[in-house]
Amino acid sequence: MLMLASCGSDDEAGVPNMLTELCDVYIDGNGKAVTATLDDGTVLDISAQQIGAEAADTTLRSVITYAMNGGVARVYSNSAVFCDEALPIESFTIAPRDPVKLVSIWQAGKYVNMVIGEMTTGSAPHPYGFCIDGLAGNKLYVSLLHQQPSGDAESYTRRVYASLRLSNSYVTGYDSVVVSVNTYDGVLTYSFSRGSN
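Residues numbered from 1 in each chain as written. Predicted model: local features only at pLDDT ≥ 70, side-chain atom pairs only at ≥ 80, totals over all residues. Heavy atoms only, no water.

1. Considerations on the overall build of the chain
Part 1 of the argument: Counting its regular elements, the chain contains zero helices and 16 strands.
Part 2 of the argument: Each of the three principal axes of the chain carries a C-alpha extent, and together these read 55 × 40 × 30 Å.
Part 3 of the argument: Evaluated residue by residue, the chain yields a buried proportion of 42% over its 197 residues.
Part 4 of the argument: Restricting the contact set of the chain to residue pairs at least 6 apart, pairs at least 24 apart contribute 64%.
Part 5 of the argument: If you sum the accessible surface of the chain, you get close to 10200 Å²; carbon and sulfur atoms cover 49% of it.
Part 6 of the argument: With 11 positive and 21 negative side-chain charges, the chain shows a separation of 4 Å between the mean positions of the two kinds. (Helix = DSSP H or I, 4+ residues; strand = E, 2+ residues; numbered from the N terminus. Buried < 20%, exposed > 50% of the residue type's maximum accessible area, 1.4 Å probe, protein only. Contact = heavy atoms within 4.5 Å. Areas by Shrake-Rupley, 256 points an atom, 1.4 Å probe, with all protein chains shown as cover. Lys, Arg positive; Asp, Glu negative; His and termini not counted. Charge placed at Lys NZ, Arg CZ, Asp CG, Glu CD.)

In structure tokens form, the structure reads like this:
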């Protein structure tokens, strides 16, 4: 999880045009965020803010809110995004498909991104994953896994971001990915092109 440096205020500045994007944040060997690569390939230099992270020399999937000022990106908030490739079903001890609210799903670059409404009281973390359901012809079938913790009542909706990597270490020879999400309205299925990723 990234930790933001405090932001100073400028009484003469107007309200900035804020943008919210999913991105890959590169963390250098000193544990500082250096760049944020948006899904369209745009690279933002965020090194001047000295944003610290708990990890070093890695790339973290994040959702950031930022503004551009004179060609310079200023990050105002960020949070971690669950991100993984789809794993074989035998990789999981259990493979729960407890329902979620699916707010949005779309393909961007090498990811299928989701905005999920998680029903919770905030008393426990909700584990997520992506499992491979099968390969048929040139289509890879994948499901979102979600476990509703026992004792965590569905009191309010919390927004969660998730990204499925379209490339896969376990399966080859597919050119599209079919993603299934169990929602309170039933199982919803979406098809995406793997492209050149």
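2. Observations concerning unusual backbone geometry
Part 1 of the argument: You will see that Gln50, though not glycine, has its phi angle at about 55°, which is positive.
Part 2 of the argument: Inspection of the secondary structure assignment puts Gln50 in the loop between β4 (43-45) and β5 (52-53).
Part 3 of the argument: On the accessibility criterion, Gln50 (47% relative accessible area) is partly exposed.
Part 4 of the argument: Here Asp57, not a glycine, exhibits a phi torsion of approximately 50°, which is positive.
Part 5 of the argument: On the secondary structure map, Asp57 appears in the loop between β5 and β6 (58-69).
Part 6 of the argument: Its relative accessible area of 55% is what places Asp57 among the exposed residues.

3. Here we look at the packing of aromatic side chains
Part 1 of the argument: Taken as a whole, this structure holds two aromatic pairs when the rule is applied.
Part 2 of the argument: Considering the side-chain rings of Phe82 and Tyr128, the 6.4 Å spacing of their centres and the 40° angle between planes classify their relative orientation as tilted. Residue Phe82 is located in strand β8 (residues 82-84), and its partner Tyr128 is located in strand β12 (residues 128-136); the two are separated by 46 residues in the primary sequence.
Part 3 of the argument: Ring geometry for Phe82 and Phe130: centres 5.6 Å apart, planes at 35°, overall tilted. Of the two residues, Phe82 is situated in strand β8 and Phe130 in strand β12; the sequence distance between them amounts to 48 residues.
Part 4 of the argument: The class for Phe130 is buried, based on a relative accessible area of 1%.
Part 5 of the argument: Following the ring pairs from residue to residue traces out a cluster consisting of Phe82, Tyr128 and Phe130.
Part 6 of the argument: The ring of Tyr111 is capped by Arg61, whose NZ or CZ atom sits 3.6 Å from the centre of that ring. (Phe/Tyr/Trp six-rings, centres within 6.5 Å; stacked < 30°, edge-to-face > 60°. Lys NZ or Arg CZ within 6 Å of the ring centre and 35° of its normal.)

4. Topic: the sheet that holds β4
Part 1 of the argument: Across the sheet, which stays open at both edges, the five strands sit in the order β4-β3-β2-β6-β7 with antiparallel pairing between neighbours. The open sheet has two edge strands, β4 and β7 (72-80), and neither has a second partner. Strand-to-strand twist of the sheet, defined as the mean angle between neighbouring strand axes without regard to direction, takes the value 40°. (Pairing = 2+ DSSP bridges. Axes fitted to C-alpha atoms, helices over the stretch in contact; angles between N-to-C directions.)

5. Concerning the confidence of the model for the chain
Part 1 of the argument: Here the chain averages 91 in pLDDT, and 92% of its residues register 70 or above.
Part 2 of the argument: In the model, residues 1-9 has pLDDT below 50 throughout and makes 26 contacts with residues more than four positions away in sequence or in other chains. (pLDDT = per-residue confidence, 0-100.)

6. Let's talk about the environment of Val15
Part 1 of the argument: Relative to the assigned elements, Val15 resides in the loop between β1 (2-3) and β2 (19-27).
Part 2 of the argument: Considering only alpha carbons, one finds Val15 and Tyr161, 146 residues apart in sequence, at a separation of 26 Å.

7. Some points on the sheet that holds strand β16 (residues 186-193)
Part 1 of the argument: With mixed pairing, five strands are arranged side by side in an open sheet as β9-β12-β13-β15-β16. Edge strands, defined here as strands with exactly one partner in the open sheet, are β9 (87-88) and β16.
Part 2 of the argument: As defined by bridge partners, strand β13 (residues 139-146) adjoins strand β15 (residues 176-183) across five bridges and the pair is classed as parallel. Residue Lys139 lies in a different strand from β15, and its bridge partner there is Ser176.

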